[in-house]
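Summary of structural features
Residue strings, one per chain:
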Amino acid sequence: MKVEVLYPEIANLYGCQFDIEFIKKYVADIEVYYTNLNDKPHFSYEDIDLIYLGHLKEDDQCLVIQALKPYQDDLTNYIENEKMVFCVGNALEVFLTKIDDIDALAIFKGYAKRDFSSHYYARLFTQYNDLKLVGYLSNFSYANDIEYPFAKVLNGKNRGNHPEYDGIHYKNFFGTYMIGPMFVMNPLLFKHLMEILKVENVKLTKDVLEAYDNRLNAFETVLKFYQ
Amino acid sequence: MIRFYLALWLSKFYYFLTGHSNKDDKPGVIANKIDPDFLKKVAKPKITICITGTNGKTTTTNLVTAILKNTNRRVIANFEGANFRPGICKAYMREVSIFNKCKADIAVIEFDEITANPYLAYLKPNYVLVTNLSSDTMKRNAHTDYILDCIKKGLNDEASLVLNADDLITSSLGEGRDNNIYFSFTKEAYDEKAYDSLVKDIRICPKCHSLLKEDYIFYNHIGKLTCPNCGYTNPKADYLLNKIDYKNNTIDINGINYPMINNSKFNIYNELSAIAVLSEIGIENLDQAIAKVNVTKSRYDSTVCGGVEIVNLMGKGQNAIAVSRTLDYATKIEGNKIVILLLEEITEKEEYGTNLGEPISWIYDVDFELLKDDSVKEIVVGGTNYADYAVRFDLANIDLSKCKMVPEVDDITSVLNLEGIDKIVIVRDLYLADSINRLIEDIKRKIQNES
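So, a few notes on the structure that sits alongside this text.

1. Quick notes on the nonpolar core
As a rule of thumb, nonpolar side chains are buried together in soluble globular proteins. If you look at the biggest cluster of nonpolar residues, it comprises 177 residues, and the most contacted ones within it are A:Leu53, A:Phe86, A:Phe95, A:Phe190, B:Leu341, B:Phe368 and B:Phe393. Not counting the four nearest positions on each side in its chain, B:Phe368 is found in contact with B:Leu327, B:Leu341, B:Ile363, B:Tyr389, B:Arg392, B:Phe393 and B:Ile398. Of all hydrophobic cores here, the second largest spans 44 residues; its members include B:Tyr190, B:Val199, B:Tyr219 and B:Ile275.

2. Things to note about the environment of B:Tyr389
Residues and elements named next belong to chain B. For Tyr389, the location among the structural elements is in helix α14 (residues 386-395). Taking the relative accessible area as the measure of exposure, Tyr389 reaches 1% and is therefore buried. With 29 residues separating them along the chain, Tyr389 and Ile360 place their C-alpha atoms 9.1 Å apart. Discounting residues that sit within four places of it in the chain, Tyr389 has contacts with Leu343, Glu344, Ile360, Trp362, Ile363, Phe368, Val381 and Met405.

3. What to know about the sheet that holds strand β11 (residues 256-259) of chain B
All names here are of chain B. Reading across the sheet, the nine strands line up as β2-β3-β1-β4-β5-β6-β9-β10-β11 and stay open at both edges, with mixed pairing between neighbours. The open sheet is flanked by β2 (75-77) and β11, the only strands paired with a single partner. On average, each strand axis in the sheet is inclined to that of its neighbour by 20 degrees, with strand direction left out of account. Sheet analysis places strand β4 (residues 127-130) next to strand β5 (residues 160-164), joined by four bridges and oriented parallel. Across the sheet, residue Val130 finds its bridge partner in β5, namely Leu163. Helix α4 (residues 57-69) rests against β1 (47-52), β2, β3 (106-110) and β4 of the sheet, and its axis sits at about 165 degrees to β3. Across the sheet, helix α5 (residues 85-94) is in contact with β1, β2 and β3; its angle to β3 comes to roughly 165 degrees.

4. A look at the pattern of salt bridges
Residue and element names in this part refer to chain B. Within the structure shown, the criterion is met by 35 salt bridges over all chains. Close ionic contact of Glu214 with Lys200 constitutes a salt bridge, the shortest N to O distance being 2.9 Å. Taken together, the residues span a long stretch of sequence, with Glu214 in strand β7 (residues 213-219) and Lys200 in the loop between β6 (181-185) and β7 at a distance of 14 residues. On the basis of relative accessibility, which here comes to 12%, the residue Lys200 falls in the buried class. Here Asp328 and Lys332 are joined by a salt bridge, their closest N and O atoms 2.8 Å apart. Of the two residues, Asp328 and Lys332 both sit in helix α12 (residues 320-332), four residues apart, roughly one turn of that helix. With a relative accessible area of 41%, Lys332 lands in the partly exposed category.

5. A look at the packing of aromatic side chains
A complete count under the given rule lists 33 aromatic pairs over all chains for this structure. Seen from their ring centres, A:Phe116 and A:Phe140 are 5.3 Å apart, and the 40 degrees between their planes marks the pair as tilted. Highlighted residues: A:Phe116 in the loop between β7 (111-114) and β8 (120-128) and A:Phe140 in the loop between β9 (131-139) and β10 (141-144), separated in sequence by 24 residues. Geometrically, the ring pair formed by B:Tyr219 and B:Phe266 is edge-to-face, given 5.9 Å between the ring centres and 75 degrees between the ring planes. Here B:Phe266 lies in helix α10 (residues 265-281) and B:Tyr219 lies in strand β7, a separation of 47 residues in the sequence. Exposure remark for B:Tyr219: the relative accessible area of 5% places this residue in the buried category. Under the relative-accessibility criterion, B:Phe266 is labelled partly exposed at 24%. Taken together, A:Phe22, A:Tyr26, A:Tyr52, A:Phe86, A:Phe183 and A:Phe190 form an aromatic cluster joined through their ring pairs. A:Arg159 extends its terminal NZ or CZ atom over the ring of A:Tyr120, reaching a point 4.0 Å from the ring centre.

6. Things to note about the interface of chain B and chain A
Of the residues lining the interface, 39 residues belong to chain B; the matching set on chain A comes to 43 residues. The contact between chain B and chain A buries some 3400 Å² in all, and 62% of this surface belongs to carbon and sulfur atoms. Linking chain B with chain A are three salt bridges, by the criterion used here. Where A:Lys57 meets B:Asp145, a salt bridge forms, and the shortest distance between an N and an O atom there is 3.8 Å. Here chain B is connected to chain A by twelve residue pairs in polar contact (both at pLDDT 80 or more).

The rules behind these values
Residues numbered from 1 in each chain as written. Chains lettered and ligands numbered in written order. Predicted model: local features only at pLDDT ≥ 70, side-chain atom pairs only at ≥ 80, totals over all residues. Heavy atoms only, no water. Core = buried A, V, L, I, M, F, W, Y, C linked by side-chain atoms within 4.5 Å. Buried < 20%, exposed > 50% of the residue type's maximum accessible area, 1.4 Å probe, protein only. Contact = heavy atoms within 4.5 Å. Helix = DSSP H or I, 4+ residues; strand = E, 2+ residues; numbered from the N terminus. Pairing = 2+ DSSP bridges. Axes fitted to C-alpha atoms, helices over the stretch in contact; angles between N-to-C directions. Salt bridge = Lys/Arg side-chain N within 4 Å of Asp/Glu carboxyl O. Phe/Tyr/Trp six-rings, centres within 6.5 Å; stacked < 30°, edge-to-face > 60°. Lys NZ or Arg CZ within 6 Å of the ring centre and 35° of its normal. Buried area = accessible area lost by both parts, 1.4 Å probe. Polar contact = N/O pair within 3.5 Å; in protein donor to acceptor, adjacent residues only side chain to side chain.

Laid out in structure tokens, this is it:
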């Protein structure tokens, strides 16, 4: 399996690099490429199974857009050919049409609005198919008019003009505003994604599942409190 | 001004009624509630120093205040770490007369980075000292760009900035400004081998976005970084720490020896920054004033029982860099040790009937890999997020057979294996002081019973 981590020197907030450490731990035959801003991305010239993009400072989103612009067609083809992208936090915004007045990659419809009046934090509890997902929002922006939402929000104060949904899911493109690290905190989602990539026999440890169960129980308890 | 005087008199009256309590911010709450412009209108001394930073601001504020008091100066200070508006209002209220005449010579005010605007506009400091800037609690402080922005919005043009030259993020505050003063360690003086930290808050050149080259690193991003493309690098320091003399307990700054108050590098940085700002003000006989300072006990304490030293270290929960630095310090303490981690503050049990706790993402920025040190014989984690720590330790390739996860703090003592142990190092969150005292007593009883 080949994983490309885009721009780890900037797309690295809130421990998200441990999603990659998690993949390395549970997938035996793996090669991980770390692509910096000035590098030519591997997806543009070789077969990559998973592209990962982590959460960014807002100024750094522009650097990512500039870095990916020359490879926009390659990226669009990659996504249309059902190759996997997983992005967390505000990383998904670079794939939208605009972030405020800034032109983004316009691979997906929708736009992001920034609000620097204060930092936004929330817990979020969502559901994707049968999978319950737990995570946090920590950002200064939100998305509107998303065409392909990812997960249904069960509890938590999401933002945007459709707060009942989080993120983007199109073919095998997964973008969530949540941070965790997402694979670590949502091992069943991780297992599901690995199954899509035809990685079998992912044996999650007891601790990973216990941490997830504990958090899930806590999030569900809070959900009942509000119902 | 009627409103102001009402605020002043009522807050003074309350302060008097509560016996001049240092722990209660209510006098400041009252002053601010009656007159939200209290801070703007209250009389100020001739010199004001404002101090902020991700780590070390309370210690540095306490230190600067203590040194100034040792020179017989009257100081306005919110030295209890009360760095929000009520605490600052109270500090000023204490040191002005009922007619708003300032009795103090100098003000030393710690302020929270996020609230620089409008506090700095009210206080109009002569000096703003920034100890360092790095990732902090995710919930409130987001990331360093946000913190920088908050501080920049509050800075007044007249203030001289006293900045950490070893920190490219902090020192960037000085760009485009005159009268900056920088302090720094020399590479030779910082005599500790740096480990490769998970978190480096600046990795690319802010000018041309090339990857920065590390000339040398002290910890995280603190050190000397240079852009191989455009040459962007750290500014030159005005106050240079050249040497640490552990035998005589002194530090050499610009060729002058000062007593060393505490030998941890974190605290030496705090002392260096204090000396920089006080030297700029022109405080005489600084070395003598420093010699009279007692080190604050609230962040490091130890007691010996039955030949085992129990060390109590503070690691600010949710602040990955502070905890990493504490772990680095802890693992370097000589002897075979048990490390007990109590870093989770439970906040929501009563509201929802469940221990959701604070967000756990931060532990993935902590350098727990340091605990792989051979001298660490056992790691005990207390708190309800124990399973998350087990996952984190596994990803750090720490031998899980030496880890014990204990949800209830009161059960920790029973799992400790004291055989061959010289030290028990407790790394605890700031808000768990009471639980720690109980734990230490339990551990002492266990040591006595087993010996």
